[in-house]
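As a plain string of letters, each chain reads:
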Amino acid sequence: MSYSKDIYELVLKKNPAEPEFHQAVSEVMDALEPVMERHPEYKENRILERLTEPERVIMFRVPWFDDKNRIQVNRGFRIEFNGAIGPYKGGLRFHPTVYLGILKFLAFEQVFKNSLTTLPMGGGKGGSDFDPKGKSDNEVMRFCQSFMTELSRYIGPNTDVPAGDIGVGGREIGYLFGQYKRIRNEFTGILTGKALSWGGSLIRPEATGYGSVYFAQNMLETKNEDFEGKVCAVSGSGNVAQYTIEKLIDLGGKPVSVSDSNGTIHDPDGIDTEKLAYIMELKNVYRSRIKEYADRYDGATYHAGKRPWFIPCDCAFPSATQNEISGDDAALLVKQGCKVVSEGANMPTNPEGVEVFLANKVLFGPGKAANAGGVAVSGLEMAQNAQHTNWTREEVDSRLRDIMKAVHTQSAEAAADYGKPGNYVAGANIAGFIKVADAMLDQGLV
Ligand code: NDP
């Protein structure tokens, strides 16, 4: 067996019952096989054994009082996976499905993604099985305060800088930041995704969605095409989906769907800026269900329990959660003419789906490349905090575009260099890996 296959077997044995982590490692190990053949020094230095073992896993109790004064107990996590190229960086996810395996998959992916951004950031991820849905603002605040009371021991502006993810938006970041400041009596950039008036960066809320569209634009340019008139299926209706839609409209595309965990809206007339403003209000202010969109707009239909992949489209932007595109979904998308897939979410396409897209020469941007814009602007937020300054919207957006171009170029070039031209999955994994692996070699056995 090859070195990378051996490591996959080792990971299976050492991390039982963590299928998402296995899936993420499997994809990376497949992509790295030719790298290991060309670079025996990585095997000699046991780089893959070290890379698949988190540097630190922190797991803690989060007790809090609900509005009826009853005690609730959740579980909190922070995975500090790899700090070879910078302080650990990666989001916090609050969702009932959160457990160690999900966060290890996300933290592992983050290592390569952060490396691709060209910025000095290591990989981490954290969160809790807490479900913000249906909780009052006060309950969310008490939970966040308890969570940060423990987390504050492990993070810092030069150590580990968390951000948002599913279930953690501006409201949660505010409560978490407030508690850190209170405990440490220090106003430092220990979280990104902050509000503008207290250290946030312009374009951070937009960054992941915009970046995913910029990445798709870069892929389209390799075929001399653009978004003009292209029908785009988008999943999710949260942060990433909302700003994906905004940028698609801006670039002449026609977004025709949104979804949440209950079902999908199909609007064949297209979602325009006024409809998008309604979605944002519905989800961000009223924290309501996407179903209500169909009651308001004639022509739009609601499909309970469905994801958007039955909708004929030119481009697909999965922007909700992991494993939301199966092999069958991918086959149907291809059959109905989909030519571009840009993963705004992390690992939204399962391995069979990825196979289908690659076999059919779909321009397929894997999450670790396509959604790197979010963490990239988080990195820019850290840079602004360190300089005690704020850049303009134009400046941050232009840096984001440049970074997405660099992510695309590095992925495309690494794919071509290793004999897989056009395969962004292989390219992103290889380019992200080499930078981290070489930093690990430079720093000795730590
Ligand atoms: P939000 O919480 O803002 O939105 C998540 C959306 O996905 C909601 O519409 C939610 O529906 C839906 N969703 C969540 N879980 C499921 C599920 N199990 N099945 C179906 N739908 C689900 O999160 P974000 O938009 O921030 O994140 C979306 C994805 O993008 C995630 O994979 C995240 O890791 C990834 N990502 C986010 C970044 C960021 O900057 N925010 C950066 C890089 C990647 P409902 O309202 O019903 O829960």
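Heads up: the structure comes first, above all this text.
The following refers to the structure shown. Everything numeric here is computed off the predicted structure, so don't read it as measured data. (Residues numbered from 1 in each chain as written. Predicted model: local features only at pLDDT ≥ 70, side-chain atom pairs only at ≥ 80, totals over all residues. Heavy atoms only, no water.)

### Here we look at the site of the ligand
Around the ligand there are 25 residues in total, and Asp165, Thr208, Ser261, Arg289 and Asn346 lie nearest to it. Interatomic distance of 3.0 Å between a side-chain N/O atom of Lys133 and an oxygen atom of the ligand. Isolated, the ligand exposes 880 Å² of accessible area, and the fraction of that covered by the protein chains is 84%. Broken down by secondary-structure element, the contributors of at least two residues to the shell around the ligand are α8 (204-221), α9 (239-250) and β8 (257-260). In terms of residue class, the shell around the ligand is built from four nonpolar, 14 polar and seven charged. Split by domain, the residues of the shell around the ligand number at least three in each of domain 2 (55-187) and domain 3 (207-361). (Near = heavy atom within 4 Å. Polar contact = N/O pair within 3.5 Å; in protein donor to acceptor, adjacent residues only side chain to side chain. Areas by Shrake-Rupley, 256 points an atom, 1.4 Å probe, with all protein chains shown as cover. Helix = DSSP H or I, 4+ residues; strand = E, 2+ residues; numbered from the N terminus. Nonpolar A, V, L, I, M, F, W, Y, C, P; charged D, E, K, R; others polar. Domains from an automatic or database assignment.)

### Brief notes about helix α6 (residues 137-151)
Its 15 residues give α6 an end-to-end C-alpha distance of 21 Å, which sits within 8% of 21 Å, the value for a rise of 1.5 Å per residue. Within α6 the residues assigned to the buried category are Glu139, Val140, Phe143, Cys144, Ser146, Phe147, Met148 and Leu151. Those residues of α6 that are buried lie in contact with β1 (56-65), β2 (71-82), β3 (88-94), β4 (122-128), β5 (160-163) and α7 (170-184). (Expected span 1.5 Å × (residues − 1). Buried < 20%, exposed > 50% of the residue type's maximum accessible area, 1.4 Å probe, protein only. Contact = heavy atoms within 4.5 Å.)

### Observations concerning the side chain of Thr244
Position of Thr244 among the secondary structure elements: in helix α9. Of note is the side chain of Thr244, whose polar atom sits 2.7 Å from the backbone oxygen of Val240. Among all residues touching Thr244, those that are not within four sequence positions of it are Gly209, Val213, Val234, Phe317 and Ser319.

### Comments concerning a nonpolar patch on the surface
Nonpolar side chains collect at one region of the surface, where Phe65, Ile71 and Val73 lie side by side and expose about 310 Å² of accessible area between them. Residue placement: Ile71 occurs in strand β2. (Patch = residues over 30% accessible without salt bridge, like charges linked within 9 Å, V, L, I, M, F, W, Y side chains within 5 Å. Salt bridge = Lys/Arg side-chain N within 4 Å of Asp/Glu carboxyl O.)

### Brief notes about the environment of Asn429
Considering the arrangement of structural elements, one finds Asn429 in helix α17 (residues 424-443). The spacing of Asn429 and Ala415 is 14 residues in sequence and 9.1 Å in space, taken between C-alpha atoms. Aside from chain neighbours lying at most four places away, what touches Asn429 is Glu27, Val28, Ala31, Leu32, Phe112 and Lys368. Side-chain polar atoms of Asn429 contact the side chain of Glu27, separated by 3.0 Å.

### A short note on the nonpolar core
Of all hydrophobic cores here, the largest spans 89 residues; its most connected members are Leu48, Phe108, Phe227, Phe317 and Phe433. Discounting chain neighbours no more than four positions away, the residues touching Phe433 are Leu32, Val35, Met36, Tyr42, Ile47, Leu48, Leu51 and Phe112. Counting residues in each nonpolar core, the second largest holds 21 residues, with Trp64, Phe143, Met148 and Leu191 among its members. (Core = buried A, V, L, I, M, F, W, Y, C linked by side-chain atoms within 4.5 Å.)

### Let's talk about the sheet that holds strand β13 (residues 363-365)
Judged by pairing direction, the sheet is parallel, and its five strands sit side by side in the order β7-β6-β11-β12-β13 without closing on themselves. Two strands close off the open sheet at either side, each with one partner strand: β7 (254-255) and β13. Here strand β11 (residues 315-317) pairs with strand β12 (residues 340-342) via two bridges, running parallel. Bridging across to β12, Ala316 finds its partner in Val341. Packed on one face of the sheet, α9 meets β6 (231-234), β7 and β11 and runs near 170° to β6. (Pairing = 2+ DSSP bridges. Axes fitted to C-alpha atoms, helices over the stretch in contact; angles between N-to-C directions.)

### Points about the sheet that holds strand β10 (residues 301-304)
Taken in spatial order, the three strands of this open sheet run β8-β9-β10, and their pairing is antiparallel. Edge positions in the sheet fall to β8 and β10, since each has one partner strand and no second. When the angles between neighbouring strand axes are averaged without regard to direction, this sheet yields 20°. Of the strand pairs in this sheet, strand β9 (residues 263-266) and β10 are connected by four bridges, and their pairing is antiparallel. Counterpart to Ile265 in the pairing with β10 is Tyr302.

### As for the environment of Val28
If you trace the backbone, Val28 turns up in helix α2 (residues 19-38). When near neighbours in sequence (up to four residues on either side) are disregarded, Val28 contacts Phe108, Phe112, Lys368 and Asn429.

### Some points on the packing of aromatic side chains
This structure, assessed with the given rule, holds 23 aromatic pairs. Seen from their ring centres, Trp64 and Phe143 are 6.2 Å apart, and the 85° between their planes marks the pair as edge-to-face. Here the residue Trp64 occupies a position in strand β1, and Phe143 occupies one in helix α6, the gap between them amounting to 79 residues. Under the relative-accessibility criterion, Phe143 is labelled buried at 0%. Here the aromatic cluster, defined as three or more aromatic residues joined through ring pairs, consists of Phe60, Trp64, Phe94, Phe130, Phe143 and Phe147. (Phe/Tyr/Trp six-rings, centres within 6.5 Å; stacked < 30°, edge-to-face > 60°.)

### A short note on the side chain of Ser411
With respect to the element layout, Ser411 can be found in helix α16 (residues 393-417). The exposure class assigned to Ser411 is buried, which follows from its relative accessible area of 0%. For Ser411, the side chain forms a polar contact with the main-chain oxygen of Val407, separated by 2.7 Å. Leaving out residues up to four positions away in the same chain, Ser411 has contacts with Leu116, Ala369, Tyr424, Gly427 and Ala428.

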